[in-house]
Structures are given as structure tokens and as C-alpha cells.
Amino acid sequence: VRMNTAIFRSGNIQNVITPNGDGRNDVLDLSGITAGDDCEFTVYTRWGTPVFNQEVYNNAWGGTTDGGSALEDGTYYFVLTHNNAIRVKSAVTILNNF
């Protein structure tokens, strides 16, 4: 899988979400990286277990599992792909009560 480094450099990657309902950093907004493309988004635990997947990311992941359960505070890893190419791989920290 190849990485599109031109797109990776063009965006600013949010690395912390605080899904506490205050309207600030409640969701992971990658719109600067998706650039309107239909990108697949997958979140993994630090052990590599997938916990969330969305075939077309809508920039609204708020730190939940596929089933809608809140994930615990901690660092998770995500991969954003487009046309089977990795657009970005990065870490995101969830702070639920911050």
C-alpha cells in the first residue's frame, strides 16, 4: 500500500478529541485530509484490534466503537485510505472528561 505524501503534508492532523459534548474537539475532523474524497476510516487499539470502521468517513467520529460504546481514555491509531492507498496513518488520544 502506498502513501500519498503530497496530501499528507497539506493537512493539519488533529491528534486529540475530548468527546464531552461541549462542542470543542468532540469529534475527529479530518476534512482537510479527506479533501472531499470518499475515504475509508479505521480505528485500532494500541494492540492492533480494530474498534471502529466507516467505509466513507463523515468527519464525525467521537471516540466510539462500531457499536456506539464510548472508548476509554487513551491513545488509539487510525488509518485513512482512498482507492486502496493510505492517505494518513496517525494516533489520536481520547480524553472523555476533559
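The preceding data block contains the structure.
Within each chain, residue numbers correspond to sequence positions counted from 1 in written order. It should be noted that, the model being predicted, local features are given only for residues of pLDDT at least 70 and side-chain atom pairs only at 80 or more, the latter also being counted only at that level, while totals for whole chains, interfaces and linings use all residues. Only heavy atoms go into the side-chain values, all of them from the structure, while hydrogens and water stay out.

(A) Expanded view of the pattern of salt bridges. A pair is scored as a salt bridge if a Lys or Arg side-chain nitrogen falls within 4 Å of a carboxyl oxygen belonging to Asp or Glu. Under the counting rule described, the total for this entry stands at two salt bridges. Note that arginine 24 and aspartate 22 form a salt bridge whose closest N and O atoms lie 3.3 Å from each other. Between aspartate 37 and arginine 87 there is a salt bridge, with its nearest N and O atoms 2.7 Å apart. With aspartate 37 in the loop between α2 (31–34) and β2 (40–44) and arginine 87 in strand β5 (residues 85–94), this pair connects stretches of sequence that are 50 residues apart. Between buried and exposed lies partly exposed: a residue is buried under 20% and exposed over 50% of the maximum accessible area for its type, with that area taken using a 1.4 Å probe on protein chains only. By relative accessible area, aspartate 37 is classed as partly exposed at 30%. On the accessibility criterion, arginine 87 (6% relative accessible area) is buried. Secondary structure elements follow DSSP: runs of H or I of four or more residues count as helices, runs of E of two or more count as strands, with numbering from the N terminus.

(B) Molecular detail of the pairing of β2. Here β2 pairs with strand β4 (residues 74–82) via five bridges, running antiparallel. Residue phenylalanine 41 lies in a different strand from β4, and its bridge partner there is leucine 80. Relative to strand β3 (residues 50–54), β2 is paired through four bridges, and the arrangement is antiparallel. Bridging across to β3, phenylalanine 41 finds its partner in glutamine 54. Any two strands are treated as partners once DSSP identifies two or more bridges connecting them. In this structure, the hairpin formed by β2 and β3 is closed by a connection of five residues, where glycine 48 is found at a positive phi of approximately 90 degrees.

(C) The arrangement of the nonpolar core in detail. Residue types Ala, Val, Leu, Ile, Met, Phe, Trp, Tyr and Cys, when buried and joined through side-chain atoms within 4.5 Å, form a set referred to as a nonpolar core. Ranked by internal contacts, the top residues of the largest apolar core, which has 18 residues, are Leu28, Phe41, Val43, Trp61, Phe78 and Leu80. For this core, the secondary-structure elements that each account for two or more residues are β2, β3, β4 and β5. Working rule for contacts: check all heavy atoms of both residues, and any pair within 4.5 Å makes them a contact. Residues contacting phenylalanine 78, with those up to four places away along its chain left out, are Ile13, Leu28, Leu30, Phe41, Thr42, Val43, Val88, Lys89, Ser90, Ala91 and Val92.

(D) Summary view of the sheet that holds strand β1 (residues 16–17). With mixed pairing, five strands are arranged side by side in an open sheet as β1-β5-β4-β2-β3. In this open sheet, the two edge strands, each paired with only one partner strand, are β1 and β3.

(E) View of unusual backbone geometry. The phi angle at asparagine 25 is positive, at roughly 60 degrees, despite the residue not being glycine. Tracing the chain through its elements places asparagine 25 in the loop between β1 and α2. Take asparagine 25: its relative accessible area is 46%, and that puts it in the partly exposed class. The residue asparagine 59 is not glycine, and still its phi comes out positive at about 60 degrees.

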